[in-house]
Amino acid sequence: MAKKFTPKVLTANDLLSGDVIYWNDNGDWVDAFEDALYLDTEKLAFHVLRLAQKQGLDKVGLYLADAELGDDDKPRPAHFREDFRATGPSNYHHGKQAELA
Amino acid sequence: MYSYTEFDKEFINERNKQFRAQVERRIDGSLTEDEFKPLRLMNGLYLQLHAYMLRVAIPYGTLNGGQMRQLALIAEKFDKGYGHFTTRQNIQFNWPKLRDVPDILDALAEVEMHAIQTSGNCVRNVTADHFAGAASDEIEDPRPTAELLRQWSTDHPEFAFLGRKFKIAVTGSETDRAVTKAHDIGLRMVRNGDGDAGYEVIVGGGLGRTPMIGKVLREFLLVEDLLPYVESVLQVYNRLGRRDNKYKARIKITVHENGIETIRELVEKRFVAQRAAFGGNDQKLFAQIKEAFATPAYLTAPLDGFVELQNKDASFRSFVDTNLSEHKNPEYSIMTISIKAHGQTPGDATADQLRVMAGIAEDFAHNELRISHEQNVILPHVHKSNLPEIYARLREAGLATANIGLISDIIACPGMDYCALATARSIPVAQQIATRFDELKLEHDIGALKIKISGCINACGHHHVGHIGILGLDRAGVENYQITLGGDHTETAAIGERAGPGFAYDEIVPAIERLIYTYLDIRSDENEVFLETYRRVGLEPFKAALYPEQQIAAE
Ligand code: SF4
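Every value quoted in this text rests on a predicted model; they were computed, and no experiment measured them.

Cut-offs and rules
- Residues numbered from 1 in each chain as written.
- Chains lettered and ligands numbered in written order.
- Predicted model: local features only at pLDDT ≥ 70, side-chain atom pairs only at ≥ 80, totals over all residues.
- Heavy atoms only, no water.
- Helix = DSSP H or I, 4+ residues; strand = E, 2+ residues; numbered from the N terminus.
- Expected span 1.5 Å × (residues − 1).
- Buried < 20%, exposed > 50% of the residue type's maximum accessible area, 1.4 Å probe, protein only.
- Arc of directions from axis to C-beta.
- Contact = heavy atoms within 4.5 Å.
- Pairing = 2+ DSSP bridges.
- Domains from an automatic or database assignment.
- Buried area = accessible area lost by both parts, 1.4 Å probe.
- Salt bridge = Lys/Arg side-chain N within 4 Å of Asp/Glu carboxyl O.
- Polar contact = N/O pair within 3.5 Å; in protein donor to acceptor, adjacent residues only side chain to side chain.
- Nonpolar A, V, L, I, M, F, W, Y, C, P; charged D, E, K, R; others polar.
- Axes fitted to C-alpha atoms, helices over the stretch in contact; angles between N-to-C directions.
- Near = heavy atom within 4 Å.
- 1 Å grid on protein atoms, 1.4 Å probe; cavity = no way out; pocket = protein on both sides within 12 Å on 5 of 7 lines; lining within 4 Å.
- Points joined across faces, edges and corners; volume = space filled by probe spheres on them.
- Core = buried A, V, L, I, M, F, W, Y, C linked by side-chain atoms within 4.5 Å.

Colleague: Would you take a moment to explain helix α1 (residues 42-54) of chain A for this structure?
Modeller: Within an α-helix, residues lying three or four positions from one another point in the same direction, as the helix has 3.6 residues per turn. Residue and element names in this part refer to chain A. The end-to-end C-alpha separation of α1 is 19 Å, in line with the 18 Å expected for 13 residues at 1.5 Å each. All of the buried residues in α1 are Ala 45, Val 48, Leu 49 and Ala 52. Along α1, the residues classed as buried sweep out an arc of 100° about the axis, all on the same side. Projecting away from the buried face of α1 at angles above 90 degrees are the exposed residues Lys 43 and Lys 54. Each element contacted by the buried residues of α1 is listed here: β1 (8-14), β2 (20-23), β3 (29-30) and β4 (59-69).

Given below as structure tokens:
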């Protein structure tokens, strides 16, 4: 049986900086998970993925990451791996937690 | 130390020019990521969880002060001010930008370093005993052999696309400090009945998904037969090794499936032909390489200052007891600088610390440094009269932690704080264990103990061969840590036994604490180290400590 679809956001890394980025509702790439477009149907998720894949070559390793809605109605990571990608490493105040602060 | 020849220099510069052009073509869109990825990986550039990561080879873990300074410069100019030493005797930079990488590679080339073959299905950076050339128990320095293997394997066309990566480790003494039994090929120096030095050739060891202790392929191989013999092993592997399944492609599976006897027969047959084909050229090269590893000009000086400080300063005494090892010259010591200050990230050194260590090597230690697979830095040749001054400088730089071989000298892979393949974090677990046992002031009492932590089944943190191994997994979307006990990375190598169900992130440190208290309780006396106790009593008492609720349920 096919796995039941769970909501996603589209994520990638920026080619030049390597930074983690997310696709928002304007079709732009942004830095914060919570600003990503929440993809709550399978059709929409794959549509956005294909659309983004066709655009520019300057984004790397596009994939759909599991997401859920927080109390503030903004998307947040549904798995701890995405939480680390969205925040940065836990041993130093580096990465997004420093840059987005 | 080996210095690049004109040929080496040209080769590296050519490679760097090629890569610079490839990066430009990637940035201007002429190369897709699918086209570019294998090219960047061939030059050690990975894309990790938060950023790119550049893995730089430190061949057989040996480098000089100038090279260490250059690593400091790279850390500062192109990264976030630090570098991470790995269990493969490499250094990794966690935050380089793509545009800067060609400049980083040029900066490395200036000091005769590179990032070639630190990735991909080829013969990787050859690792060696970090006490090479200095250890009192050494038969011969293994580094000329390692350098010969490096030159032979670099860009070797026949072995550029093996079924899987291939790792070779060499040790020059019978004591195995290079984990030779967990490598695709392990070379351990031994003497035969006539007193000649040669190698015991071990094959098919490896950790990861299917951990295996290597098997002896040849009990004794003359040093001069090494290259044709190793080439024969590679040829047999290249032909028989599986390419249908990535997880069954390492030589350990080839050996397991075909049997060591079959492999031995095929290798010996190839070897006859290969030896003739080499025609002695390898020996000429080997003789030249050997000259580059001449013993340093040892000093002799009075030791009064050293003895005096030892008598009056308890922390210096503790440092001397814990971080020094016996050198073949009685006036000298081998010093291990701990890159495991309690609560810090194992293997991470700041640019300033790298510079301090470079300076000490230049001023007091015959300009030589080593990186150990245990993620520490070694000064292989330290005259004892210089110890007080070296200690003072280390202390000032936060590098004088006296914990080598103790519970806080933990190997930890980058885990989910950096690694794209990780299933859980390893660094914070190491930090917490070290901090906890420092608070308890127990670590010297506990004595020799190796904790090794990996953030996934790939086992870069060598957890299978830790006395206590910790493997971080993802269990239904939550970090979970599995404990193995009784592993051993030395010549008496063993794979640790799984203790039972895993522990949640906030339960793992208390679990380790229970293990340790049990050990302290049941050891026969304070000279019996953890591994000995484990071998004497087995898993059961430790299991009872780890899972007390099950004990109660069973009663
Ligand atoms: S063991 Fe796994 S998590 Fe750790 S560095 Fe290796 S691949 Fe990454």
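Colleague: How should I be thinking about the pairing of strand β18 (residues 468-475) of chain B in this particular structure?
Modeller: Side-chain direction in a regular strand flips from residue to residue, so the side chains alternate between the two faces of the sheet. All names here are of chain B. Of all 8 residues in β18, 6 are buried, a share of seventy percent or more. The pairing of strand β17 (residues 451-454) with β18 spans 4 bridges and is parallel. From the neighbouring strand, Ser 454 faces β18, where its bridge partner is Leu 471. Pairing geometry for β18 and strand β19 (residues 478-485), over 8 bridges, is antiparallel. Bridging across to β19, Ile 468 finds its partner in Leu 485. As consecutive antiparallel partners, β18 and β19 are separated by 2 residues, and within that stretch Ala 476 has a phi angle of approximately 50°, a positive value.

Colleague: When you look at the domain arrangement of chain B in this model, what are you seeing that I'm missing?
Modeller: Accessible area lost on assembly of the parts is the figure often given for the size of an interface. Residue and element names in this part refer to chain B. When the domains of chain B are assigned, the result is domain 1 (6-110), domain 2 (134-291), domain 3 (304-396) and domain 4 (411-554). On the side of domain 2, 8 residues touch domain 1, which itself brings 6 residues to the contact. Of the roughly 650 Å² buried where domain 1 meets domain 2, counting both sides, 59% is carbon and sulfur surface. The tally of links from domain 1 across to domain 2 stands at 1 salt bridge. Notably, a salt bridge pairs Arg 15 with Asp 155, separated by 3.7 Å at the nearest N-O pair. On inspection of domain 1 and its partner domain 2, the count reaches 1 residue pair in polar contact (both at pLDDT 80 or more). Grouping the amino acids of the side of domain 1 that touches domain 2 by side-chain chemistry returns 3 nonpolar, 1 polar and 2 charged.

Colleague: Sorry if this is basic, but what is going on with the sheet that holds strand β6 (residues 127-128) of chain B here?
Modeller: Strand pairs in the sheet, formed through backbone hydrogen bonds, run parallel or antiparallel to each other. All names here are of chain B. Taken together, the 5 strands give an open sheet; going across it, the order is β6-β7-β8-β9-β10, and neighbouring strands pair in mixed fashion. Looking along the sheet, the strands with just one partner apiece sit at the ends: β6 and β10 (215-222). Where strand β7 (residues 168-171) meets strand β8 (residues 185-191), 4 bridges bridge the pair, whose relative direction is parallel. In the strand pairing of β8, Ala 169 is matched with Gly 186. Its contacts with the sheet put helix α8 (residues 260-278) on β9 (197-203) and β10, and the angle it makes with β10 is roughly 25°.

Colleague: Before we go on, may I ask you to explain the interface of chain B and chain A in this structure?
Modeller: Taken together, the contacts link 35 residues of chain B with 24 residues of chain A. Of the roughly 2,400 Å² buried at the junction of chain B and chain A (both faces included), carbon and sulfur atoms supply 59%. A per-residue breakdown of the area chain B buries against chain A is headed by Leu 49, His 50 and Met 416 of chain B, which together make up 23% of the total. Our count for the chain B to chain A interface comes out at 1 salt bridge.

Colleague: Explain the site of the ligand here, please?
Modeller: The local shell around the ligand consists of Cys 413, Pro 414, Gly 415, Cys 419, Leu 421, Ala 422, Gly 455, Cys 456, Asn 458, Ala 459 and Cys 460 of chain B. In the shell around the ligand, the residues fall into 8 nonpolar, 3 polar and no charged.

Colleague: Before we go on, may I ask you to explain empty space enclosed by the protein in this structure?
Modeller: For the structure shown, the criterion picks out 4 cavities of 30 Å³ or more. Taken together, Ala 57, His 114, Ile 116, Gln 117, Val 123, Arg 124, Asn 125, Arg 150, Ser 153 and Thr 154 of chain B make up the full set of residues lining the largest cavity. Split by residue class, the lining of the largest cavity holds 3 nonpolar, 5 polar and 2 charged. In this structure, the second largest cavity encloses a volume near 60 Å³. Surrounding the second largest cavity, Asp 19, Val 20, Arg 85, Gly 95, Lys 96 and Glu 99 of chain A together with His 50 and Trp 95 of chain B form its lining. Among the residues making up the lining of the second largest cavity, the classes are represented as 2 nonpolar, 2 polar and 4 charged.

Colleague: How should the sheet that holds strand β2 (residues 52-56) of chain B be read in this particular structure?
Modeller: All names here are of chain B. Strand order in the open sheet formed by 5 strands is β1-β2-β5-β4-β13, and the pairing between neighbours is antiparallel. Strands with a single pairing partner mark the edges of an open sheet, and in this sheet they are β1 (45-47) and β13 (348-350). Looking at each pair of strands side by side, their axes are set apart by 30° on average, direction ignored. Taken together, the 3 bridges between β1 and β2 define a ladder with antiparallel strand orientation. What sits directly across from Leu 47, in β2, is Tyr 52. Each of β1 and β2 is contacted by helix α2 (residues 33-42), which is oriented at about 125° to β1, the strand it contacts most. Sitting on the sheet, helix α3 (residues 65-78) is in contact with β4 (82-85) and β5 (91-93), with an inclination near 20° to β5.

Colleague: Sorry if this is basic, but what is going on with the nonpolar core here?
Modeller: Most often, soluble globular proteins have nonpolar side chains that are buried together. Residue and element names in this part refer to chain B. In terms of nonpolar packing, the biggest core is built from 62 residues, with Met 68, Leu 71, Met 335, Met 357 and Leu 379 touching the most fellow members. For this core, the leading source of residues is helix α12 (residues 351-364), giving 7 residues. Apart from residues no more than four positions distant in its own chain, Met 335 is found in contact with Phe 319, Asn 323, Leu 324, Val 377, Ile 378, Leu 379, Val 382, Leu 387, Ile 390 and Leu 394. Membership of the second largest hydrophobic core comes to 47 residues, among which are Ile 168, Leu 221, Tyr 237 and Phe 271.

Colleague: How should I be thinking about the side chain of His 381 of chain B in this particular structure?
Modeller: Residues and elements named next belong to chain B. Relative to the helices and strands, His 381 resides in strand β15 (residues 377-383). Look at His 381 and you get buried, because its relative accessible area is 1%. Within the structure, His 381 has its side chain in polar contact with the side chain of His 327 (distance 2.9 Å). Excluding anything up to four places from it in sequence, His 381 contacts Gly 133, Ala 134, Pro 296, Tyr 298, His 327, Tyr 332, Ser 333, Phe 364, Ala 365, His 366, Glu 368 and Arg 370.

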